[in-house]
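If you want the building blocks of each chain, they are given just below.
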Amino acid sequence: MALFTRTTKNLILKIDEFFDDIDLGLLVFREGIKSYLEKDMDAFERHILKVEQLESHADRLQRSIENEMITNSILPQHRGEVSSLIDVLDEIIDTIKSTLNEFRIETPEIPDSLNHNFISITESSVCAGEEIIPAARAYFKSPYTVREKLLKVYYFESETDKVSRETRRIIFQDMKDLDLAHKSHLRYIINHIEKISDTAQKAADLLSIMAIKIVM
Amino acid sequence: MILLFLTSGLFLGWSLGANDASNIFGSAVGSKMISFRKAAIIASIFVIIGAVLQGSGASVTLGKLGAVNALGGSFTVALAAGATVYLMTKFSLPVSTTQAIVGAIIGWNLFTGNRTDMSTLTQIISTWITGPVLGGAFAVVLYMILKTIKKKSSIHLIRFESYVRTGLVIVGAFGAYSLGANNIANVMGVFVPAFNLNDLDLGIITLSSSQQLFLLGGIAIATGIITYSNRVMEVVGNQIMELSSDAALVVVLAQALVLFIFSSSAFSSFIESTGLPPFPMVPVSSTQVIIGSIIGIGLYKGARNINFRIVGDIAKGWILTPVASGLIAFFSLFFVKNIFNINVGTGIAENGGSIIGNTASASSAHSISEIMGFLITGLLGLGIVILILYYFAERKKKNELRKSEEKFWNNLK
């Protein structure tokens, strides 16, 4: 029984650590995009390195959590859903890493007039991601509060949609001097940043069902 | 030959283990909270302990219903009950071992011309209703308490599940103990008046004649649990309603409490001392109590998920089981007596209640006691060896798992 208590404690710690990684990854992503827009490439490289470390650590934790849940038969009735939630949250940090790498490899030329829009998209997308973490933590501790926490995720996701739609409109309709390839590239980068809030929404959908099931 | 008569009781014990143990650990095993092997070992040990230590209470009541006073009669009655349980299970009808044995004893009473003690019969039948109702009431109260604790404590889900798992093991052990204490009367109760064995000294405990029979019956139940209850365990619980792990814990605890109060003489005396009517010590159907508990939780949750068709089948079983068992017992007794010429029992004098008929004679009792002594010691020894082997096998499995885990992470690095 003592061994089992230790396993439980370790697993709880690992899940918390995993959430911390995602949370920190979002914070670093926000700073990374700002560094890129401010053309501070040293800081940008530093942020990419940090995100890569966090992503690799989150991957290890994900495998370890799923492994421990199966081998110790923990949460047998909710294991599948918890694994799915962890998979979706891992997708957030994967998206963060791949988006920053897109910036590093493709070095998109963002007109200064769009800096504010890009910061807004990043801000609201990251906020959606950040709001999913307390909701996911609440699923384990107070499932009754999960749904109210999810409202913020949906709000920031729709904000991201609005800002990115407006930015795309500006790019394709107002900025006549940009060529089509440049416009398409900017749209592609916006889609990447937007993907964080989309994934957060996916996690929110999953969590809201999980919360209903657990309180029933 | 005398020991051969016991085989029908052992068969009944085996079917009780195969069917009723699933009530205790079924939801835990079905929901993968506990492995079948662990559940089977815990259930087996505690069923035997319960049967030996506390089995006499309920068997006295069963004895009042009909003191089967010949080995041939005990054999036939237990065989009829066992056959009823087997047949009803085969036709997928819900069955209660308690009702089967009660029906068979009444069949014996009718055949031998003995009067059925109506007050005892009423007492037993009333528990067929009060058992499930009490189970349901306990389940609702316990479920409400558990839900409130869970909501107010903000305990981590994983930690809560680990407590539920530990709770399931402890409550399951208590449930198995209560099952052994309460239901051993069904298995061996009919043999008690017909056997008179010498006390058996096992070093730490001295077993009386009835306790030796109960130990054998307990071992038969344990065999049923280990060999056959696996498939039953995996479907039970989810038949009437899908149970969450905390609901499973509540259901098992409610069932264990009901079985316990109907077999504990200490509890009965306590209730009597408070001025309330005492609880009768009667074998209660664990199946019906668990069904009552599940329905209780289902009603509390709004009765949306209850499969009422199964509930209807269970109600049919209440009538079908004792009637079928009584008929089988009556006709079997006729054949055993008239074709095989075996004494199946005689009428008991109304005034003195003395037993007429042949119990095991004094001369043969000594040799039977010796054989029983060897049998019980041998079986207990075998059980201990199996437990030790299981412990080492589990340890080996854990070590192999740990090694493969370490290898995986090393390769990943």
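One can find the structure itself at the top, above this paragraph.
Here the residue numbering is sequential within each chain, running from 1 through the sequence in written order. Chain letters start at A and ligand numbers start at 1, both assigned in the order the entries are written. This being a predicted model, a pLDDT of at least 70 is required before a residue's local features are given, and a value of 80 or more before pairs of side-chain atoms are given or counted; all residues contribute to the totals for chains, interfaces and linings.

Draft legend 1. Inspection of the overall build of chain A at higher detail. Along its length, chain A carries six helices and zero strands. We count a stretch as a helix when DSSP gives it H or I for four or more residues in a row; a strand needs E for two or more, and each element gets its number in order from the N terminus. Helices and strands in chain A line up, N terminus first, as α-α-α-α-α-α. Relative to the 2.2 N^0.38 estimate, which gives 17 Å for 216 residues, the radius of gyration of chain A is 19 Å and therefore close to what a compact globule would have. Along the first, second and third principal axes, the C-alpha set of chain A runs to 70 × 35 × 20 Å. Across the 216 residues in chain A, those meeting the buried criterion constitute 40%. Counted over contacts in chain A with a minimum sequence separation of 6, partners at least 24 positions apart contribute 81%. In this treatment the radius of gyration is a C-alpha quantity, and the globule benchmark scales as 2.2 Å times the residue count to the 0.38 power. In this scheme the burial state of a residue depends on its C-beta neighbours within 10 Å: 20 or more other such atoms mean buried, 12 or fewer mean exposed, and anything in between means partly exposed; the C-beta positions come from the backbone. Here the contact rule is simple: place C-beta atoms from the backbone, and any two residues whose C-beta atoms are within 7 Å are in contact.

Draft legend 2. Looking closely at the interface of chain B and chain A. Each partner contributes to the interface: chain B provides 15 residues, whereas chain A provides 15 residues. Each residue belonging to the side of chain B that touches chain A can be placed in one class, and the counts come to four nonpolar, seven polar and four charged. Polar here means any residue outside two lists: the nonpolar Ala, Val, Leu, Ile, Met, Phe, Trp, Tyr, Cys and Pro, and the charged Asp, Glu, Lys and Arg; Gly therefore counts as polar.

Draft legend 3. Up close: the packing of helix 4 (residues 71-90) of chain B against helix 5 (residues 97-112) of chain B. All names here are of chain B. Convention adopted: a line fitted to C-alpha atoms gives each axis, helices being fitted over their contacting stretch, and angles between N-to-C directions are expressed from 0 to 180 degrees. It is at 8 Å that the axes of helix 4 and helix 5 come closest, and there the two elements cross at 140 degrees. Relative to helix 5, the element helix 4 lies oblique. The way helix 4 lies across helix 5 gives a crossing that is right-handed. From helix 4, Gly73, Val77, Ala80, Ala81, Thr84 and Val85 reach across to helix 5, where they touch Thr97, Ala100, Ile101, Ala104, Ile105, Gly107 and Trp108. Grouping the constituent residues of the contact of helix 4 with helix 5 by class yields nine nonpolar, four polar and no charged. Note that the term roughly parallel is reserved for angles under 35 degrees, roughly antiparallel for angles over 145, roughly perpendicular for angles of 65 to 115, and oblique for everything else. The handedness criterion is simple: a crossing whose near helix is rotated anticlockwise from the far helix by less than a right angle is left-handed, and one whose near helix is rotated clockwise is right-handed.

Draft legend 4. Structural view of the environment of Val258 of chain B. All names here are of chain B. Note on placement: Val258 falls in helix 9 (residues 245-261). Taking the C-alpha atoms as reference, Val258 lies 26 Å from Gln212; in sequence the two are 46 residues apart. When sequence neighbours within four positions are dropped, the list of residues in contact with Val258 reads Gly131, Leu134, Gly135, Phe138, Val284 and Val289.

Draft legend 5. Structural detail: unusual backbone geometry. All names here are of chain A. Positive phi is not limited to glycine here, since Leu75 has a value of about 50 degrees. Topologically, Leu75 is positioned in the loop between helix 2 (41-71) and helix 3 (79-106). Phi at Thr107 takes a positive value of approximately 35 degrees, unusual for a residue other than glycine. Looking at where Thr107 falls in the secondary structure, it is placed in the loop between helix 3 and helix 4 (115-141). By the C-beta count within 10 Å, which is 10 here, Thr107 ends up exposed.

Draft legend 6. Structural view of the packing of helix 2 (residues 36-54) of chain B against helix 7 (residues 157-188) of chain B. Residues and elements named next belong to chain B. Direction vectors running N to C along helix 2 and helix 7 enclose 40 degrees, while the axes themselves pass 7 Å from each other. In this view, helix 2 runs oblique relative to helix 7, as classed from their interaxial angle. Judged by the sense of rotation from one axis to the other, the crossing of helix 2 with helix 7 is right-handed. Only Val169, Gly172, Ala173, Ala176, Tyr177, Ser178, Leu179, Gly180, Ala181 and Ile184 of helix 7 make contact with helix 2, whose side of the interface consists of Ala39, Ile42, Ala43, Phe46, Val47, Ile48, Ile49, Gly50, Ala51 and Gln54. Tallied by class, residues from the contact of helix 2 with helix 7 come to 15 nonpolar, five polar and no charged.

Draft legend 7. Region of the structure containing helix 2 of chain B. In this analysis, the expected span of each helix is defined as 1.5 Å times one less than the number of residues it contains. Taking 1.5 Å of rise per residue, the 19 residues of helix 2 of chain B would be expected to cover 27 Å, and the 26 Å separating its terminal C-alpha atoms lies within 8% of that figure. Within the sequence span of helix 2 of chain B, burial applies to Ala39, Ala40, Ile42, Ala43, Ser44, Phe46, Val47, Ile48, Gly50, Ala51, Val52 and Gln54 of chain B.

Draft legend 8. A look at the nonpolar core. Ala135 of chain A together with Ala43, Val77, Ile105, Val250, Val251 and Val258 of chain B are the most contacted members of the largest nonpolar core, which totals 175 residues. Broken down by element, this core gets its largest block of residues, 16 residues, from helix 7 of chain B. Apart from the residues within four sequence positions on either side, Val251 of chain B is in contact with Ser27, Ala139, Leu243, Ile290, Ser293, Ile294 and Ile297 of chain B. Buried Ala, Val, Leu, Ile, Met, Phe, Trp, Tyr and Cys residues whose C-beta atoms connect them within 7 Å together make up a nonpolar core.

The analysis is restricted to geometry; functional conclusions fall outside its scope.
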